[in-house]
Amino acid sequence: MANYQMSTFKIPKTTIEEMNKIQRNFFWGKEEGKSKGIYPKAWIVVCKSKEEGGLGLMNLEKFNDAIITNMGWRMLQQPDSLGTQIMQAKYFSEDDIMHISTNPKPTDSWVWKGILSGIENIQRIGRWEIGKGKNDPNLV
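Because the structure is a prediction, the values reported are computed rather than measured. (Residues numbered from 1 in each chain as written. Predicted model: local features only at pLDDT ≥ 70, side-chain atom pairs only at ≥ 80, totals over all residues. Heavy atoms only, no water.)

Colleague: Teacher, can you tell me more about the overall build of the protein here?
Modeller: Summing up its helical and strand segments, the protein has six helices and two strands in all. Listing the helices and strands of the protein from first to last along the sequence gives α-α-α-α-α-α-β-β. For the protein, the proportion of its 140 residues judged to be buried stands at 29%. For the protein, restricting intrachain contacts to residue pairs at least 6 apart in sequence, the fraction spanning at least 24 positions comes to 43%. Accessible surface, the protein as shown: approximately 10100 Å² in total, 55% of it carbon and sulfur. (Helix = DSSP H or I, 4+ residues; strand = E, 2+ residues; numbered from the N terminus. Buried < 20%, exposed > 50% of the residue type's maximum accessible area, 1.4 Å probe, protein only. Contact = heavy atoms within 4.5 Å. Areas by Shrake-Rupley, 256 points an atom, 1.4 Å probe, with all protein chains shown as cover.)

Below is the structure:
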């Protein structure tokens, strides 16, 4: 799947599982039409980094989360960008991006629902760091 789609939409878990299945079958050389294949290592182990004992193949679910979280991070870091201004006018005009609700509405676009999941990651793991007395706290 192209990086653009993964950076724009939160890919459904069933789709990611199917993509992983295709990758796994190709990687292990499973033949089409055979009901069983030989998988010497669990796919989750294969997707670990080389330093952790894996082969460093991409975990698609983590990649999708990371790249969508990056979109939310850019909105936080670049509040004057055109994309942020458009999303802010449509979805969170009054609130700061760190304090908006991450529960999507049924009428929200798929793109915004994906960005919300990234913002939720930022809200969950982000922390404020006190600077040198300026009025602009830094999120790290």
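Colleague: Can you walk me through helix 2 (residues 13-28) in this structure?
Modeller: Structurally, the α-helix is built with 3.6 residues per turn, so residues lying three or four positions apart point the same way. The terminal C-alpha atoms of helix 2, which comprises 16 residues, lie 22 Å apart, in line with the 22 Å expected from a rise of 1.5 Å per residue. Those residues of helix 2 that fall on the buried side of the exposure criterion are Ile16, Met19, Asn20 and Asn25. Turning to helix 2, the residues buried within the fold contact helix 3 (43-46) and helix 4 (60-77). (Expected span 1.5 Å × (residues − 1).)

Colleague: Help me understand a nonpolar patch on the surface, please; the structure alone is not making it clear to me.
Modeller: Together, Phe27, Leu55 and Leu57 line one region of the surface with nonpolar side chains, adding up to about 240 Å² of accessible area. Locating Leu57 in the fold gives a position in the loop between helix 3 and helix 4. (Patch = residues over 30% accessible without salt bridge, like charges linked within 9 Å, V, L, I, M, F, W, Y side chains within 5 Å. Salt bridge = Lys/Arg side-chain N within 4 Å of Asp/Glu carboxyl O.)

Colleague: In this structure, what is going on with the nonpolar core? I would like to understand it.
Modeller: One recurring pattern in soluble globular proteins is that nonpolar side chains are buried together. Ranked by internal contacts, the top residues of the largest apolar core, which has 14 residues, are Met75, Met87, Phe92, Ile97, Ile100, Trp112 and Ile115. Elements represented by at least two residues in this core include exactly helix 4, helix 5 (82-91) and helix 6 (110-125). The leading source of residues in this core is helix 6, at five residues. If near-sequence neighbours (up to four positions away) are discounted, Met87 is found in contact with Met75, Phe92, Val111, Trp112 and Ile115. Grouped together as the second largest cluster of nonpolar side chains are five residues, Met6, Ile11, Ile16 and Leu60 included. (Core = buried A, V, L, I, M, F, W, Y, C linked by side-chain atoms within 4.5 Å.)

Colleague: For this particular structure, what's the right way to read the pattern of salt bridges?
Modeller: When the charged atoms of two side chains lie near each other, side chains of opposite charge can form a pair. With the rule as written, the count across this model stands at two salt bridges. A salt bridge links Asp65 to Lys10; its shortest N-O distance comes to 2.1 Å. One end of the pair, Asp65, is in helix 4; the other, Lys10, is in the loop between helix 1 (3-8) and helix 2, with 55 residues separating them in the sequence. Judged by relative accessible area, which is 25%, Asp65 ranks as partly exposed.

Read these as layout, nothing more, since geometry by itself doesn't imply function.
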